[in-house]
Protein chains: 2
Amino acid sequence: MRDVFVAGVGMTSFGKFLDRGLKSLGREAISEAVDDAGATLDGIEAAYVGNAVGGLVTGQEMIRGQVVLSSLGLTGIPIFNVENACASASTAFHLAWQAVATGVHDIALAVGVEKLTHDDKSVSFDAIGTAVDLEAKAEMAAALGSEGEDRSFFMDIYAGMSRSLMERTGLTQGDFAQVVAKSHDHAALNPKAQYRNTVSPQEVLDSREIVWPLTLLMCSPIGDGGAAAILVSEDLLKRLGRDQDRHVVKVLASELTSGRSPHDANMKKSVVRASEAAYETAGVGPDDLDCIELHDATAPAELILYEELGLAKPEDVGGLLRDGSTHLGGKLPVNTSGGLLCKGHPIGATGIAQVVEIVEQLEGRAGDRQVEDAEIGLTENGGGWLGDDSAAAAVHIFGRTNV
Amino acid sequence: MRDVFVAGVGMTSFGKFLDRGLKSLGREAISEAVDDAGATLDGIEAAYVGNAVGGLVTGQEMIRGQVVLSSLGLTGIPIFNVENACASASTAFHLAWQAVATGVHDIALAVGVEKLTHDDKSVSFDAIGTAVDLEAKAEMAAALGSEGEDRSFFMDIYAGMSRSLMERTGLTQGDFAQVVAKSHDHAALNPKAQYRNTVSPQEVLDSREIVWPLTLLMCSPIGDGGAAAILVSEDLLKRLGRDQDRHVVKVLASELTSGRSPHDANMKKSVVRASEAAYETAGVGPDDLDCIELHDATAPAELILYEELGLAKPEDVGGLLRDGSTHLGGKLPVNTSGGLLCKGHPIGATGIAQVVEIVEQLEGRAGDRQVEDAEIGLTENGGGWLGDDSAAAAVHIFGRTNV
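Residues numbered from 1 in each chain as written. Chains lettered and ligands numbered in written order. Predicted model: local features only at pLDDT ≥ 70, side-chain atom pairs only at ≥ 80, totals over all residues. Heavy atoms only, no water.

Summarising the model, chain A shows a mean pLDDT of 96, and 100% of its residues fall at 70 or more. Across the interfaces of the predicted complex, the ipTM metric reaches 0.97, alongside a pTM of 0.98. (pLDDT = per-residue confidence, 0-100.)

Here it is as structure tokens:
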């Protein structure tokens, strides 16, 4: 495997854009990434396109990447449409990384794009609810008491996990509210975030209950957006004529796996397996990280992930949050972008939007939310639900370097 | 790139199975391929799963591969859900090949599965019709005069191509009928084909007109099915303890590309580019081929592809068909499986079903439809439509060898 660099990134603002489609969102993100890399569209050798529910929400199925890319004139190259629920974009990124790392291509485009809003909100909720085994869904819904409720089925799954977490660790609903307040503090500094207001933990607790212990503000919103990255080999990076003073971000590890087998209770959870493998490949550990973007589809998920990513023992998770360690200014800021909760979660775009944030942090161009002297960052992106684990999990580790 | 071998293949019968779903179809194909390879499920290192319209027809979107594979207990590995319309399975196969060729994995599973039939046939037709740019579809439909017709939109696209072909080359509706009669002759010998009856060219011409010059029997049917292949490195192949007397099939070339750019009229069509690249990589030409499986979604497409694959000059295409060269027993039998027209076309499974046929031919186990001493075979699989070309095209070349 040879070194792979992220030469450029781009993303749209995230939000509810009823008048924009996959093409418009994808084009903006791709164009920004190509410009950021100092590359040209006609130099791109292959494209990996993540999208999760375009078929169900917009009707556009089967060749979503070609539809977006042809509107930029970018066809005639291998185009791969990939899907892994909320980890679709990370899956596209992983394949693009692999193609460059193995020498198949010198420059590849990874893009994630999602048009999730719909005039009829139930279309969006129903689409998100397909990221489980539909044949098992009725049984799961009955067990969770969620039949017929007007909300994403995943909120019921997360609420069940949250209740277990509280019983197991003593974490409280107030802790979840503090996660949300932190995310809003960060998103307020991010011009591309869906929600840019600050909120207090009490306001979070006072917001409408979705399903106990989750309140509305503890749940990531429905939204639209696109995010893109240009991955290159070292030779190609040099040919791009990059500014000598500009840092460059190297992919230190890219790991993708699927949920543990229902037949193997001893198998570790997907995020644990992916992160352990990534730490080993990158030659770094949790203590070496300067910033993290993780999959906080709900607030409690952030705390579960502190443990699964090896940041803290179960009994220390609450402390890591409460002492400000993961707040901007702390020793390991988490979700400086605002995360899924506040930056937004257009599901098929999320994985690469996380990469955009880490790349901007490591290049030192994150503006008001800059983590001082950030050198190593991690992204964690999960997708779907199967049995008792995410259906897909991706962990990437990035390092700042100069070429 | 290192050598990659197809250690085993499997597929379901193709047909209308209203009582079977993605899991049932996928499981059967995968289990057969794993057994054929002498491998075990828990040895599989990664899975690439092609499906085109599961979300629209069955509702199961986003994690289709995980849903199918977890029902076999096969999770905890990287699972990639890929989509490229009717070329979805070839795309899965290409990525699995690439992973083994580049040393990322030693054994990978490629599977294509499609549940296309639905109680309401318009659901199937509408799903197939999403393999174009939906925003451009109304305009295309108006130009083709197909608005509101109860048929797959692709039949209108193919009918337009067929009329151009007739004007350009002098090929006739009778030639198209002869293609169909040939495919039925072949499918009658294939126990897994959807249609196993023989028909005369006159019966083809007498069948209901779908849209001139296409009659019902010139169009591939709606159907369900699954197909799978196990790809391995040479070292792993040896470890499988394969019978010394059994031939093994090597992948000589795997090429995937997308349609020509609408901005570049000089770019060759996708199948031409993919096949030229494949011939060069494999070090063989059309004259070296012993058998071909190509994408005859309609009968005229087979004749167009004779030209695009370099089998004949435009003026010689009709002769190649009429003199029996591409019939079983001729010098280059095409679609010995019965092709999409008669074996069937569960769209996301088709690309790997083509591979299954070529592998069985090269291993000498194609039964009554065996091509004598077949050593080199080719598959061509197209997907979707964009501007004036397929949205995706894949060409694979395989060679018989011993290890």
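Let us look at the side chain of B:Thr326. All names here are of chain B. Looking at where threonine 326 falls in the secondary structure, it is placed in the loop between helix 13 (317-322) and helix 14 (339-342). Owing to a relative accessible area of 0%, threonine 326 belongs among the buried residues under this scheme. Non-local contacts of threonine 326, meaning those with residues more than four positions away in its chain, are made with Lys182, His186, Glu302, Tyr306, Leu320, Leu321, Leu332, Pro333 and Val334. (Helix = DSSP H or I, 4+ residues; strand = E, 2+ residues; numbered from the N terminus. Buried < 20%, exposed > 50% of the residue type's maximum accessible area, 1.4 Å probe, protein only. Contact = heavy atoms within 4.5 Å.)

Residues and elements named next belong to chain A. Summed over the entire model, instances satisfying the criterion amount to 58 salt bridges over all chains. Here lysine 343 ties to glutamate 293 by a salt bridge, and the two come within 3.9 Å at their closest N and O atoms. Of this pair, lysine 343 sits in the loop between helix 14 (339-342) and helix 15 (350-362) while glutamate 293 sits in strand 9 (residues 291-293), and the two are 50 residues apart along the sequence. Overall, lysine 343 belongs to the buried group, its relative accessible area being 2%. (Salt bridge = Lys/Arg side-chain N within 4 Å of Asp/Glu carboxyl O.)

A few words on the interface of chain B and chain A. A common way to express how large an interface is: the accessible area buried when the components associate. At the interface, 60 residues of chain B touch 60 residues of chain A. The junction of chain B with chain A conceals about 4,400 Å² of combined surface from both sides, 57% of it contributed by carbon and sulfur atoms. Where chain B meets chain A, there are eight salt bridges. The salt bridge partner of A:Glu61 is B:Arg64, with a shortest N-O separation of 3.9 Å. Our count for the contact surface shared by chain B and chain A stands at 44 residue pairs in polar contact (both at pLDDT 80 or more). The element best represented in the side of chain B that touches chain A is strand 3 (residues 79-83) of chain B, accounting for five residues. Split by residue class, the side of chain B that touches chain A holds 30 nonpolar, 22 polar and eight charged. (Buried area = accessible area lost by both parts, 1.4 Å probe. Polar contact = N/O pair within 3.5 Å; in protein donor to acceptor, adjacent residues only side chain to side chain. Nonpolar A, V, L, I, M, F, W, Y, C, P; charged D, E, K, R; others polar.)

Before going further, it helps to examine the state of the cysteines. Tallied over the entire structure, the rule returns zero disulfides over all chains. Cysteine A:Cys291 is unpaired, with the sulfur of A:Cys342 as its nearest cysteine sulfur at 18 Å. A:Cys291 sits in the buried class, given a relative accessible area of 1%. This cysteine, B:Cys342, is not joined by any disulfide, and B:Cys219 carries the nearest cysteine sulfur, 12 Å off. (Disulfide = S-S within 2.5 Å.)

Our next topic: the packing of aromatic side chains. Residue and element names in this part refer to chain B. Taken as a whole and assessed by the stated rule, the structure comprises four aromatic pairs over all chains. With a centroid separation of 4.8 Å and an interplanar angle of 10°, the aromatic rings of tyrosine 48 and phenylalanine 80 are classed as stacked. You can see tyrosine 48 sitting in strand 2 (residues 46-50) and its partner phenylalanine 80 sitting in strand 3, a full 32 residues away along the chain. Given the relative accessible area of 0%, tyrosine 48 is considered buried. Classification of phenylalanine 80 by relative accessible area gives buried; the value is 1%. Ring centres of phenylalanine 93 and phenylalanine 398 lie 5.9 Å apart, and the angle between their planes is 65°; this geometry places the pair in the edge-to-face category. Taken as a pair, phenylalanine 93 in helix 4 (residues 88-101) and phenylalanine 398 in strand 11 (residues 389-401) lie far apart in primary sequence, 305 residues in all. Since its relative accessible area comes to 0%, phenylalanine 93 is described here as buried. Classification of phenylalanine 398 by relative accessible area gives buried; the value is 0%. (Phe/Tyr/Trp six-rings, centres within 6.5 Å; stacked < 30°, edge-to-face > 60°.)

Let us now look at helix 15 of chain A. All names here are of chain A. Between the first and last C-alpha of helix 15 there are 19 Å, a value that for 13 residues agrees with the 18 Å anticipated at 1.5 Å per step. Among the 13 residues that make up helix 15, 13 are buried, leaving the element largely enclosed by the rest of the structure. Glycine 364 lies just past helix 15 and shows a positive phi near 75°. (Expected span 1.5 Å × (residues − 1).)

We now examine the packing of helix 6 (residues 134-144) of chain A against helix 7 (residues 153-169) of chain A. All names here are of chain A. Orientation of helix 6 relative to helix 7, taken along the N-to-C sense of each, is 55°, at an axis distance of 10 Å. Considering the angle they form, helix 6 stands oblique to helix 7. With respect to the hand of their crossing, helix 6 and helix 7 are arranged in left-handed fashion. Contacts between helix 6 and helix 7 involve Lys137, Met140, Ala141 and Leu144 from the former and Phe153, Asp156 and Ile157 from the latter. Grouping the amino acids of the contact of helix 6 with helix 7 by side-chain chemistry returns five nonpolar, no polar and two charged. (Axes fitted to C-alpha atoms, helices over the stretch in contact; angles between N-to-C directions. Parallel < 35°, antiparallel > 145°, perpendicular 65-115°, else oblique. Left-handed = near helix turned anticlockwise from the far one by under 90°.)

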